[in-house]
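Each chain is listed here by its residues.
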Amino acid sequence: MATAKKYSVCIVGSGNWGSAIARIIGENVKKSDLFEERVAMWVFEEMIGDRKLTDVINNDHENVKYLPGFKIPENVVAIPDAAKAAEGANIFIFVLPHQFVEGVCKQIKGHVTKDALAISLIKGVDSKGTGLVLTSSVIEEALGISECCVLMGANLANEVAAENFCEATIGYKNAEHGKILQTLFHTSYFRIAICSDCQTVELCGALKNVVAVGAGICDGLGYGGNTKAAVIRIGLKEMVSFAKEFFGGGHDATFLESCGVADLVTTCYGGRNRKVAEALAKTRKSIEQLEAELLNGQKVQGPPTSIEVYKLLQTKGTVDQYPLFSTVYRICYEGLPPEDLVKNI
Ligand SMILES: NC(=O)c1ccc[n+]([C@@H]2O[C@H](COP(=O)([O-])OP(=O)(O)OC[C@H]3O[C@@H](n4cnc5c(N)ncnc54)[C@H](O)[C@@H]3O)[C@@H](O)[C@H]2O)c1
């Protein structure tokens, strides 16, 4: 009897979140007959002292730069050439800063079949012409595939790596694929719900970073919990309106999943977007400078997302209906004083 072809998984990216996810995927593929045991992980090559990062990961089984202190399973193989990593794979997990997505897709396109399934864990959006484009759509178009699902949630990578319980939401287009991906990601400490309101799940992951910049500004200016709660409430309201107005989805129930309110809250209290915004309010340095000074090679997502959001709002003439989103953009990039945040919202 012929055995069904198994899914072969390629993780595209190996930063903080990519490495934490590699720990889960590496274990889960061993537990289900659906998947090949070997997992390829594309690693953007860097030198760590006199050693290549891929050699460190393949020999020491740890990403010492982006997720120090946590082992990565030995069946996860770090590969510096994106095209080689993609060879033979039919599930692609995209988990890298969104500004690098198109470049990597160009490198792997020749190795991706039309029926391959992708899932994006990326929190950020892009722009094409006058419109804001979801990263999942960028991936679908760049690879010529029909389905890029998404996974979003209140998932700070180090806490997931430490196996502290949390939840995440997978947004799918095809329910059967949603279930396969749930099997790939779910563990006792990483509880996965699946949801058909796919675009809203993804939008939540991108827009909450803009709200987190507002929350960080509150912290930097020394405001208390009441002010931050107001910023979070107004931000959530703008997220709901934005999803309904521009993406035709936005079921209220989706915002009650981990991708919605839970991710919003955790990002406004921890995480790099809040941290950089707090420093911005305290020092008045530029976002680029603070990113370089504070994030050790990691990228901030809230400010660049605010650019794409603001462009769309301008094009549609609805800037006034989104005071928090637009004020965050103007503080980050137009020199508006951080103190204006609470005046404007
Ligand atoms: N870190 C988290 O807690 C977390 C949680 C949930 C979702 N996410 C999302 O996951 C995505 C990836 O975040 P992360 O935290 O893993 O990344 P990161 O910021 O930790 O790492 C940066 C990554 O970019 C790579 N890189 C640097 N320069 C590059 C280049 N020129 N070309 C290609 N790659 C380059 C680095 O090798 C590294 O793997 C983001 O969209 C983020 O929002 C992160």
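Bear in mind the structure is a predicted one, so any value in this text is a computation, not a measurement.

Caption draft 1: Quick peek at the overall build of the protein. When its secondary structure is counted, the protein shows 16 helices and 12 strands. Here the C-alpha radius of gyration of the protein, 20 Å, is about what a compact globule of 345 residues would show, namely 20 Å. If one aligns the C-alpha atoms of the protein with their principal axes, the spans along those axes are about 70 × 45 × 40 Å. In the protein, buried positions account for 57% of the 345 residues. Intrachain contacts of the protein at a sequence separation of at least 6 include 72% that bridge at least 24 residues.

Caption draft 2: Here's a closer look at the site of the ligand. In the vicinity of the ligand, 23 residues are found, and the nearest of them are Asn16, Trp17, Ala157, Arg272 and Gln298. Protein chains shield 89% of the accessible area of the ligand, which is 840 Å² for the free molecule. If you tally residues by element for the shell around the ligand, the top one is helix α1 (residues 16-31), at 3 residues. In terms of residue class, the shell around the ligand is built from 12 nonpolar, 7 polar and 4 charged.

Caption draft 3: Structural view of the sheet that holds strand β11 (residues 166-171). The 8 strands lie next to each other as β5-β2-β1-β6-β7-β10-β11-β12, forming an open sheet whose pairing is mixed. Both edges of this open sheet fall to β5 (76-79) and β12 (190-195), since each of them pairs with a single strand only. Direction aside, neighbouring strands of the sheet carry axes that sit 25 degrees apart on average.

Caption draft 4: Broad picture of the packing of helix α12 (residues 272-283) against helix α13 (residues 287-294). Between α12 and α13, the shortest axis-to-axis distance is 10 Å and the interhelical angle comes to 120 degrees. Put simply, α12 runs oblique to α13. Read as a crossing pair, α12 and α13 show a hand that is right-handed. Between α12 and α13, the contacting residues are Lys275, Val276, Ala279, Leu280 and Thr283 on the first element and Ile287, Leu290 and Leu294 on the second. Tallied by class, residues from the contact of α12 with α13 come to 6 nonpolar, 1 polar and 1 charged.

Caption draft 5: Highlighting a nonpolar patch on the surface. Together, Leu256, Val261, Val265 and Tyr269 make up a nonpolar patch on the protein surface, roughly 390 Å² of accessible area in all. Inspection of the secondary structure assignment puts Val265 in helix α11 (residues 258-269). Val265 sits in the partly exposed class, given a relative accessible area of 38%.

Thresholds applied
Residues numbered from 1 in each chain as written. Predicted model: local features only at pLDDT ≥ 70, side-chain atom pairs only at ≥ 80, totals over all residues. Heavy atoms only, no water. Helix = DSSP H or I, 4+ residues; strand = E, 2+ residues; numbered from the N terminus. Rg over C-alpha atoms; globule rule 2.2 N^0.38 Å. Buried < 20%, exposed > 50% of the residue type's maximum accessible area, 1.4 Å probe, protein only. Contact = heavy atoms within 4.5 Å. Near = heavy atom within 4 Å. Areas by Shrake-Rupley, 256 points an atom, 1.4 Å probe, with all protein chains shown as cover. Nonpolar A, V, L, I, M, F, W, Y, C, P; charged D, E, K, R; others polar. Pairing = 2+ DSSP bridges. Axes fitted to C-alpha atoms, helices over the stretch in contact; angles between N-to-C directions. Parallel < 35°, antiparallel > 145°, perpendicular 65-115°, else oblique. Left-handed = near helix turned anticlockwise from the far one by under 90°. Patch = residues over 30% accessible without salt bridge, like charges linked within 9 Å, V, L, I, M, F, W, Y side chains within 5 Å. Salt bridge = Lys/Arg side-chain N within 4 Å of Asp/Glu carboxyl O.

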